[in-house]
Amino acid sequence: MAGRNNVHFIRTTHARAVDVLAVAGKSLWRDCEPTFARIDELCGDGASRLFSEPNVKEQDGGRLIVAWFGAFDDDAKQMEALDRAMRARVASTLTARIEALRPALADRQIGETVAAMLNVADESSIVAVGENPVLTNWGTLPPEALSSQAAFARHNEKTVGAYLPFGISPRIPGQPWTVGGASPGAARMAPAQAAEPSHATGSPPQAQTNFIARPRRIAPWPLLAVSLVFATCLIYAAWPGNLLYPEALQAPKPASLVDNAEVNRNLEERIGKLKAELAKAACNADPSILGPKMSDPPKPAAAAGQPPPAPGSPQALVASLDAATVLVLAPLSGNTLSTGSGFFVDKQDILTNNHVVEGAGDTVFVASKALGRAVPAHVVAKAAASASGDPDFALLRVDDAPSGVKALQLSTAIGRLDSVVAGGFPGFVMSMDKTYRDIINGNTDGISNLEMVVTQGNVMAMPQDGTTKVITHSANISRGNSGGPLSDACGRAVGVNTFIILDGENAQKLNFSLSARDAIQFLSANGVAVTTADKPCVPAPLPAAGQPGPAQ
C-alpha cells in the first residue's frame, strides 16, 4: 500500500478491469502513490485523502475484488444513510475538497489523471467516514456512461454532479466531454442539494452559458425583465424531463459479484420469512424456510479410514474452534447488516461483543458449519462499552443446538509469550469466499462449507485498563473478528477479540482481546455458569513420526 496512513479498511467492492479508466495506457489504480504524493505537493498535505486507496485482487475473466483503505478511522456510511444535517456537512466538505484540487487539475503532469479520478462508478461510491467524504470506485465508469456525451452527463448528474464546484469537471481520457459544474452561487448550495441526492438538478452542459459583464449606463428595469425571462428558461431547461438528451443504445450493465442493494433486499425478505415462521406453532412452521431440525444436523462424510485428529494437534484445535465459533448476522435499521463472530460457552449461550449487535433489536442470527444453518439468537444481556478496553460483551441464546456444537472452556491461565489462536469471520478475508457471500445474500444451502479464519500469534502484553484487563497479541484480527474467541494451544478461550489499534506513523498494528476473567464475570452476572480452567496450558505431545496416535 502507499503511504498517507491508509491503514483503515472502508469497504470491499467489485469491478471489471475494462471499466477502470487509463491514462497513457496505464490503469488509474496501478501505482497510485506518485499521483497521491503530487496532489499533496500541489494542493496541500492531506488533499489526496479524498481518494481511498485500492487493494486489487484479480479474478478470472477480468473481474476484480477491491478492498478500499483510507486515512480516517471511523465507520463508513453511504450518503443516503446519513441524517439531513450530517449529509449537508459532508456534502459541503466534499465540495471544498474537490475545490482544493484545482492546482492538481491544472498541472501538466497529473491534471488529466486527477480529472479522470473524479469519475465514480455509482452513487454508492461516495461514502462518509465519520464526517469525512471519501471516494471509492473512483476512476471507473460503466459502459453506458461512455456511450455518448449525453450519457456521460447523466451519469455524473447522478453521482458527483451535485458536489462539483464551478468550473471543475470529471474527464474521460482522450475525450473533450465535460460536465457543467455549479455556478459560484450554486456551489454554496451543494449541501442542500446533497440532502436529497435522488433529486439532483445539475444543469446539462448545453444549458451552461458564461457571460462577461461590461459596464454600461442603462436603465435597470429592462435588464431585470430580460434576466427574469432568461432565468425562467434556464430553470425550465434544467428541470428533469424537460430538456431531453438523445437516447443512446445502452450497453448491458455488467453483473457484479455482489449487489449491495440486492443483498439487503434478499436479507430483509429472508428475515421477514423467518420471523413469520418463528411466530407460528412448531407443528405449523414451514421447514423449507427454517431449514432442517437442529437435532438432525447434516453429518459431514468422514474420509474412509481417516482417524480423528490427535488430542493436542493443530487439527484438533481447529476442530474445537470450528465446533464452537459462529458467524453473527445482526440486521440494523436502514437496510444495513452488522457482522461479527461469537462462540458457544454452553449448549445454548453464545458470547460476543456488544458492538456487534448494538442497534439490532432483540433477535439476531448466527450460523456455522456445526449448526448446519442460520438460526435466530435472542440478545439476552449486554455490557455497553463507552471506550476501547471497557467491558464490551453481549450474551446471545439459541433455543437449542445440535450435538455437533461444542462449547469452549474459558481459562485465565495465560501469560506473555504464550501461543494464541484467533478464530472468527473477518469480512475482508471472508468476502473472497462464495459460501460467506451466499449467506450474506440469505442463501444458507452451502453452510456446511463455511470455514472460519484462524490466525496464530503470541501474547505480547496484558495491560490493566482501569477495571478491565486486555490481552495484546500478534494473532492478526480485523473487522468481523469482533466477538470471536482468542484460544490458547489447548483450545480454551482466554479472551474475546474486540479491537485493534493502527499506528500509521510506525506502520504497526496491535490486536486486542478482552480477557476471559472479565468475560467470566459478565457471564456469571447474567446467570451463566461456564466451565473454567485455571491450570497452565500443556498440550498433549504429538506422536512421533511413524507411530500411531493415541487410541480413541
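*Asks:* Help me out: how do you make sense of the pairing of strand β9 (residues 325-332) in this one?
*Replies:* Strand residues, when the strand is regular, have side chains that alternate between the two faces of the sheet. Among the 8 residues that make up β9, 6 are buried, leaving the element largely enclosed by the rest of the structure. Bridge count for β9 against strand β10 (residues 336-344) is 8 bridges, and the pairing is antiparallel. Note that in β10 the partner of proline 331 across the bridge is leucine 337. Direction of pairing for β9 relative to strand β12 (residues 363-367): antiparallel, over a ladder of 3 bridges. Its bridge partner lying in β12, leucine 327 is registered against alanine 367.

*Asks:* Please explain the pairing of strand β7 (residues 126-129) as it appears in this structure.
*Replies:* Neither face of β7 is left uncovered, since the one carrying Ile126 and Ala128 and the one carrying Val127 and Val129 both have all their residues buried. Pairing of strand β6 (residues 76-78) with β7, which is carried by 3 bridges, proceeds in the antiparallel orientation. Opposite glutamine 78, over in β7, you have valine 127 as the bridge partner. As judged from the 4 bridges shared by β7 and strand β8 (residues 132-135), these two strands associate in the antiparallel manner. Considered in β8, the bridge of alanine 128 is made with proline 133. Counted between consecutive antiparallel strands, the loop separating β7 from β8 contains 2 residues, among which glycine 130 sits at a positive phi close to 65°.

*Asks:* How should I be thinking about the state of the cysteines in this particular structure?
*Replies:* Every disulfide links exactly two cysteines, by a covalent bond between their sulfur atoms. Tallied over the full model, the rule gives 1 disulfide. Between the sulfur of cysteine 490 and that of cysteine 537 lies a disulfide, 2.1 Å long from S to S. Residues cysteine 490 and cysteine 537 share a disulfide whose torsion about the S-S bond is about 95°; that sign makes it right-handed. Separated by 47 residues along the polypeptide, cysteine 490 in the loop between β20 (485-488) and β21 (493-503) and cysteine 537 in the segment after β23 (532-533) bring together distant segments of the chain. Under the relative-accessibility criterion, cysteine 490 is labelled partly exposed at 34%.

*Asks:* Can you help me understand the packing of aromatic side chains in this one?
*Replies:* The relative placement of two aromatic rings is captured by the distance of their centres and the angle of their planes. For the structure on display, the rule yields 8 aromatic pairs. Members of the aromatic cluster, joined through ring pairs, are Trp29, Phe36, Phe51, Trp68 and Trp138.

*Asks:* Mind showing me how you'd approach the nonpolar core here?
*Replies:* Here is a general trend for soluble globular proteins: nonpolar side chains tend to be buried in one another's company. Of all hydrophobic cores here, the largest spans 49 residues; its most connected members are Leu28, Trp29, Ile39, Phe51, Ile98 and Trp138. Of all the elements in the fold, those that place two or more residues in this core are β1 (8-16), α1 (33-43), β5 (63-70), α2 (84-99), α4 (111-117), β7 and β8. Among all residues touching tryptophan 29, those that are not within four sequence positions of it are Ala15, Val20, Pro54, Val56, Leu64, Val66, Trp68, Asn137, Trp138 and Thr140. By size, the runner-up hydrophobic cluster in this structure holds 40 residues, among which are Phe365, Ala374, Ile439 and Ala519.

*Asks:* Sorry, what's going on with the sheet that holds strand β4 (residues 53-58) here?
*Replies:* Backbone-to-backbone hydrogen bonds pair the strands of a sheet. The strands run either parallel or antiparallel. Strand order in the open sheet formed by 3 strands is β1-β5-β4, and the pairing between neighbours is antiparallel. Looking at which strands have only one partner, the edges of the open sheet turn out to be β1 and β4. Within the sheet, the average angular offset between the axes of one strand and its neighbour, ignoring direction, is 25°. As defined by bridge partners, β1 adjoins β5 across 8 bridges and the pair is classed as antiparallel. The residue bridging arginine 16 from the neighbouring strand is arginine 63, located in β5.

*Asks:* Even after reading the chapter, I still don't get the sheet that holds strand β11 (residues 349-352), so can you show me in this structure?
*Replies:* Pairing in this closed barrel of 6 strands is antiparallel, and the strands run β9-β10-β11-β14-β13-β12 around the ring. Adjacent strand axes in the sheet meet at a mean angle of 40° when their direction is disregarded. Two strands pair when backbone bridges link them, and β12 and strand β13 (residues 374-383) are joined in this way by 5 bridges, in the antiparallel orientation. Bridging from a neighbouring strand, phenylalanine 365 pairs with proline 376 of β13. Running over the sheet, helix α11 (residues 314-324) touches β9 and β10 and is turned about 30° from β9. Those strands touched by helix α15 (residues 516-525) are β11, β13 and β14 (393-397), and its axis lies near 50° from that of β14.

*Asks:* Would you mind going over the pattern of salt bridges with me for this structure?
*Replies:* Per the counting criterion, the structure on display carries 12 salt bridges. The residue aspartate 107 makes a salt bridge to arginine 38 at a minimum N-O spacing of 2.9 Å. On the criterion of sequence distance, the pair formed by aspartate 107 in the loop between α3 (102-105) and α4 and arginine 38 in helix α1 is long-range, its members being 69 residues apart. Here aspartate 518 and arginine 517 are joined by a salt bridge, their closest N and O atoms 3.2 Å apart. Bridged by salt links that share partners, the residues Arg38, Glu41 and Asp107 form one connected network.

Definitions and limits used
Residues numbered from 1 in each chain as written. Predicted model: local features only at pLDDT ≥ 70, side-chain atom pairs only at ≥ 80, totals over all residues. Heavy atoms only, no water. Buried < 20%, exposed > 50% of the residue type's maximum accessible area, 1.4 Å probe, protein only. Helix = DSSP H or I, 4+ residues; strand = E, 2+ residues; numbered from the N terminus. Pairing = 2+ DSSP bridges. Disulfide = S-S within 2.5 Å. Phe/Tyr/Trp six-rings, centres within 6.5 Å; stacked < 30°, edge-to-face > 60°. Core = buried A, V, L, I, M, F, W, Y, C linked by side-chain atoms within 4.5 Å. Contact = heavy atoms within 4.5 Å. Axes fitted to C-alpha atoms, helices over the stretch in contact; angles between N-to-C directions. Salt bridge = Lys/Arg side-chain N within 4 Å of Asp/Glu carboxyl O.

Geometry only, nothing functional implied.
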